[in-house]
Amino acid sequence: NAGVTQTPKFRVLKTGQSMTLLCAQDMNHEYMYWYRQDPGMGLRLIHYSVGEGTTAKGEVPDGYNVSRLKKQNFLLGLESAAPSQTSVYFCASSRLAGGRFFGANVLTFGAGSRLTVL
Amino acid sequence: AQTVTQSQPEMSVQEAETVTLSCTYDTSESDYYLFWYKQPPSRQMILVIRQEAYKQQNATENRFSVNFQKAAKSFSLKISDSQLGDAAMYFCASRGTSYGKLTFGQGTILTVHP
């Protein structure tokens, strides 16, 4: 049981280049999230998805695009990388729950992807 | 919207002693959950403990316990009998009913001295 797998784990880009981070989960989770982690700022939500074919903006969506064509995959794209996008990126997934217990299902995180933009 | 604040960028503790990490939060929701995550140098996010806001009893997991003060919107983590393996970055987080989005604090780096 792999859980949440992120690819690649490390990447160095030049300003203006594009790339895609892949997140794959094998737990049949409905919800998936992309976060970025920067020193002194914790983890901030970039985009999220509540199901196949749906995506929504989080706290810091500018400069990123996402797609969820298959339930198990959530892709994060950088069309034109900037040095400000140097960060560690985390994908997470969660099962759906209803009502007041919505927050009960914990998020399962991937191992993170370190991206450096020169 | 939810906000989470950790005012201690760094904390240190002697092995076998007790340390408390502070966290305050703000939310307009009546139903929410609070979490503490541990992030060791491996970067893996590890759930330490979870607290349901509708429960008055403080959550406990072995050496880890919380002090949940709902009226004060405070959620501190106490680590008893600290071990070298407890050294890590600790994040406080809250999760409401809005699509399960998790909001994190800035993190506290915990150092454990032998």
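Attention here is on the structure that accompanies the text. (Residues numbered from 1 in each chain as written. Chains lettered and ligands numbered in written order. Predicted model: local features only at pLDDT ≥ 70, side-chain atom pairs only at ≥ 80, totals over all residues. Heavy atoms only, no water.)

Observations regarding the packing of aromatic side chains
Operational definition: Here the aromatic set is Phe, Tyr and Trp, taking the six-membered ring for Trp, and pairing holds for ring centres within 6.5 Å; pairs whose planes are under 30 degrees apart are stacked, those over 60 apart are edge-to-face, and all others are tilted. Helix and strand definitions follow DSSP, with helices as H or I runs of at least four residues and strands as E runs of at least two, each counted in order from the N terminus. Classification of residues uses two cut-offs on accessible area relative to the type maximum, computed with a 1.4 Å probe and protein chains only: under 20% is buried, over 50% is exposed, and between them is partly exposed.
Tallied over the entire structure, the rule returns 15 aromatic pairs over all chains. With 6.3 Å between their ring centres and 35° between their planes, Tyr33 of chain A and Tyr35 of chain A make a pair best called tilted. Relative to Phe104 of chain B, the ring of Tyr35 of chain A lies with its centre 5.5 Å away and its plane at 90°, an arrangement referred to as edge-to-face. Residue Tyr35 of chain A is located in strand S4 (residues 31-38), and its partner Phe104 of chain B is located in strand S11 (residues 102-104); the two belong to separate chains. Assessed through its relative accessible area of 0%, Tyr35 of chain A is described here as buried. The buried category is assigned to Phe104 of chain B, whose relative accessible area is 6%.

Side note on the nonpolar core
The condition that has to hold: We call a set of buried Ala, Val, Leu, Ile, Met, Phe, Trp, Tyr and Cys residues a nonpolar core when their side-chain atoms join them within 4.5 Å. Any two residues whose heavy atoms approach within 4.5 Å are treated as being in contact.
Grouped together as the largest cluster of nonpolar side chains are 24 residues, with contacts concentrated most on Trp36, Phe75, Leu77 and Tyr90 of chain B. Sorting the residues of this core by element identifies strand S3 (19-21), strand S5 (33-39), strand S6 (46-52), strand S8 (64-69), strand S9 (74-79), strand S10 (88-95) and strand S12 (108-113) of chain B as the ones contributing at least two each. In contact with Phe75 of chain B, not counting residues within four places along its chain, are Cys23, Tyr25, Leu34, Phe35, Trp36, Gln51, Val66, Asn67, Phe68 and Cys92 of chain B. Tyr48 and Phe90 of chain A together with Met45 and Phe104 of chain B belong to the second largest nonpolar core, which has 20 residues in total.

Remarks on the state of the cysteines
Residue and element names in this part refer to chain B. Quick note on the threshold: Disulfides are defined in this document as cysteine sulfur pairs within 2.5 Å.
Inspection of the entire model under this criterion finds two disulfides over all chains. Two residues, Cys23 and Cys92, share a disulfide whose sulfurs are 2.0 Å apart. Judged by the sign of its S-S torsion, about -70°, the bond between Cys23 and Cys92 is left-handed. On the criterion of sequence distance, the pair formed by Cys23 in the loop between S3 and strand S4 (24-26) and Cys92 in strand S10 is long-range, its members being 69 residues apart.

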